[in-house]
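Understanding the architecture of this molecule
Residues per chain, in single letters:
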Amino acid sequence: MSLNHHLKEQLDKIDPTGEYSGSLPKIISTSNQVYYVKVGSSHNEEQWAGEAESLKDIERAAPGLAPRLYSFGRLDDGKRYFISEYKDIGHLNSSAAVVLAKRLATELHQLKGTNGFGYQVPTYCGPTRFANGWFESWDKCYAAMYGSLIERLRGTGRYGRLCSKGDTIARSIIPKLLGKMVIQPVLLHGDLWSGNAGVDQATGEPVIFDPASFYGHNESDLAIARIFGGFPQSFYETYFKNHPKSEPQEEYTVRAELYESFHYLNHTVIFGVSAQLWTP
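All figures in this text were calculated on a predicted structure; none of them were measured in a lab.

Before going further, it helps to examine helix H7 (residues 233–242). Looking only at H7, the buried set comprises Phe235, Tyr236, Thr238, Tyr239 and Phe240. Looking at the packing, one finds that the buried side of H7 touches helix H3 (94–106), helix H6 (223–228) and helix H8 (252–271).

This is how it looks when you write it as structure tokens:
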């Protein structure tokens, strides 16, 4: 295999004793290390930067839970590149799901943000850009994120009734429901569904990947998993055993439905299908 020499220079900084085989994105070194390597153009830079920052923070909070980032940046020829650990990932089984739940509850969702709610760079949930930035409270952060999806839908010239209902949720319901709560901003994966979680085939340990991280309310990180399934009931039982539901606990179900509605909106943005917005 012939690697772009600019890319080989970056790999040599990581693995100076290696020679490489394979094809992008899976590159195998003679040192027995396997790398996940992406090369792109300028339009990839912001999204890959968000993924890189997310992986760095996840590694800081929960070492080994996500692929390790090795390098990200711009090659001498102007192309963008991204190099991380390559993992052979299989379907998330029930035993690994329980381990994942405990690691989320006791590690990832224990890393507290020091700048408030939000994130230092834009991150992407699929193709959707989270503008991020920093907010002093969770209700303001979440209302801004929610409102940005509504504005994306409004810009299509369609979904008038949906946008009107979304405006009410962002303007009135979110402050009422979330504004009274005492919430610590903790690190979230941001797009935690069964397609972004699995088992490392080499170790049997759970792995999460393709993050869209930000600092927010831990309960919101479980929303998209409920929508698409793939996580057994034992996952949620284990999670809340180790990280109890926020107060007021009697409003957990209502909050869960609110957080799910965000992802229904995002799927309408991405796929152009009608969302079923939550009614409080």
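Structure shown, so let's carry the discussion forward.
What follows deals with the domain arrangement of the chain. Taken domain by domain, the chain comprises domain 1 (5–85) and domain 2 (89–277). On a C-alpha basis, the centroid separation for the pair domain 1 and domain 2 is 27 Å. Listed as interface residues are 18 residues of domain 1 and, on the opposing side, 24 residues of domain 2. Carbon and sulfur atoms supply 60% of the area buried between domain 1 and domain 2, which totals about 1,700 Å² over both sides. For the pair domain 1 and domain 2, the number of links is one salt bridge. Residues Glu46 and Arg129 are paired through a salt bridge, measuring 2.7 Å at the closest nitrogen-oxygen approach. For the pair domain 1 and domain 2, the number of links is 12 residue pairs in polar contact (both at pLDDT 80 or more). Counted by class, the side of domain 1 that touches domain 2 contains nine nonpolar, four polar and five charged residues.

Scoring rules and cut-offs
- Residues numbered from 1 in each chain as written.
- Predicted model: local features only at pLDDT ≥ 70, side-chain atom pairs only at ≥ 80, totals over all residues.
- Heavy atoms only, no water.
- Buried < 20%, exposed > 50% of the residue type's maximum accessible area, 1.4 Å probe, protein only.
- Helix = DSSP H or I, 4+ residues; strand = E, 2+ residues; numbered from the N terminus.
- Contact = heavy atoms within 4.5 Å.
- Domains from an automatic or database assignment.
- Buried area = accessible area lost by both parts, 1.4 Å probe.
- Salt bridge = Lys/Arg side-chain N within 4 Å of Asp/Glu carboxyl O.
- Polar contact = N/O pair within 3.5 Å; in protein donor to acceptor, adjacent residues only side chain to side chain.
- Nonpolar A, V, L, I, M, F, W, Y, C, P; charged D, E, K, R; others polar.

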